[in-house]
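An overview of the molecular structure
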Amino acid sequence: MAIKNPSDAFIKLAEGLDEASVEKVLSRMTGKLPKRFLKEKLTKSEAIAIQLELEDELLQEWRENFARAQLRADKKSKNKVN
């Protein structure tokens, strides 16, 4: 995933986090994002917003995959019953 500019909604969300939540989000950063943050190419709020947005995208992808797996499992169990 390429690092992009964060949306305004995620920047507002990042700015509203308490310090403990900020530290948790910063600790989950991987790849190029921490390097860009440490080189001061990003503000703390921007880095957190990007991380939150990436996590949100991954969560949506996981939910879609899980729903597909559930459908396959349901179809498989219905076929065994019949």
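Here the structure is a predicted model, which is why all the values come from computation and not from measurement. (Residues numbered from 1 in each chain as written. Predicted model: local features only at pLDDT ≥ 70, side-chain atom pairs only at ≥ 80, totals over all residues. Heavy atoms only, no water.)

1. Notes on the nonpolar core
Ile48 and Leu52 are the most contacted members of the largest nonpolar core, which has 14 residues in total. Listing elements by their share of this core, those giving two or more residues are α1 (8–15), α2 (19–27) and α4 (44–81). For this core, the element with the highest residue contribution is α4, accounting for six residues. Residues within four places of Leu52 in sequence aside, it is in contact with Phe10, Leu13, Ala14, Leu17, Val25 and Arg28. (Core = buried A, V, L, I, M, F, W, Y, C linked by side-chain atoms within 4.5 Å. Buried < 20%, exposed > 50% of the residue type's maximum accessible area, 1.4 Å probe, protein only. Helix = DSSP H or I, 4+ residues; strand = E, 2+ residues; numbered from the N terminus. Contact = heavy atoms within 4.5 Å.)

2. Some remarks on the packing of aromatic side chains
For any pair of aromatic rings, the description rests on two quantities: the centre-to-centre distance and the angle between the ring planes. Applying the stated criterion to the full structure yields one aromatic pair. Ring geometry for Trp62 against Phe66: centres 5.1 Å apart, planes inclined by 15°, an arrangement best described as stacked. A residue pair is termed a helical-turn pair when its members lie 3 or 4 positions apart in one helix, as Trp62 and Phe66 do in helix α4 at four residues. For Phe66, a relative accessible area of 44% corresponds to the partly exposed category. (Phe/Tyr/Trp six-rings, centres within 6.5 Å; stacked < 30°, edge-to-face > 60°.)

3. Side note on α2
Of the residues making up α2, those classed as buried are Val22, Val25 and Leu26. The arc that holds the buried residues of α2, viewed along the axis, is 100°, so those residues lie on one side. Of the residues in α2, the exposed ones pointing more than 90 degrees away from the buried face are Ala20, Lys24 and Ser27. Where α2 begins, the side chain of Asp18 points an oxygen toward the backbone nitrogen of Ala20, at a separation of 3.3 Å. (Arc of directions from axis to C-beta. Polar contact = N/O pair within 3.5 Å; in protein donor to acceptor, adjacent residues only side chain to side chain.)

4. Regarding the environment of Arg28
Here Arg28 shows up in the loop between α2 and α3 (32–38). For the pair Arg28 and Gln51, spaced 23 residues apart in the sequence, the C-alpha separation amounts to 7.9 Å. When neighbours within four sequence positions are excluded, Arg28 is seen to be in contact with Gln51, Leu52 and Glu55.

Note that every value here comes from positions in space, so none of it alone points to a role or purpose.
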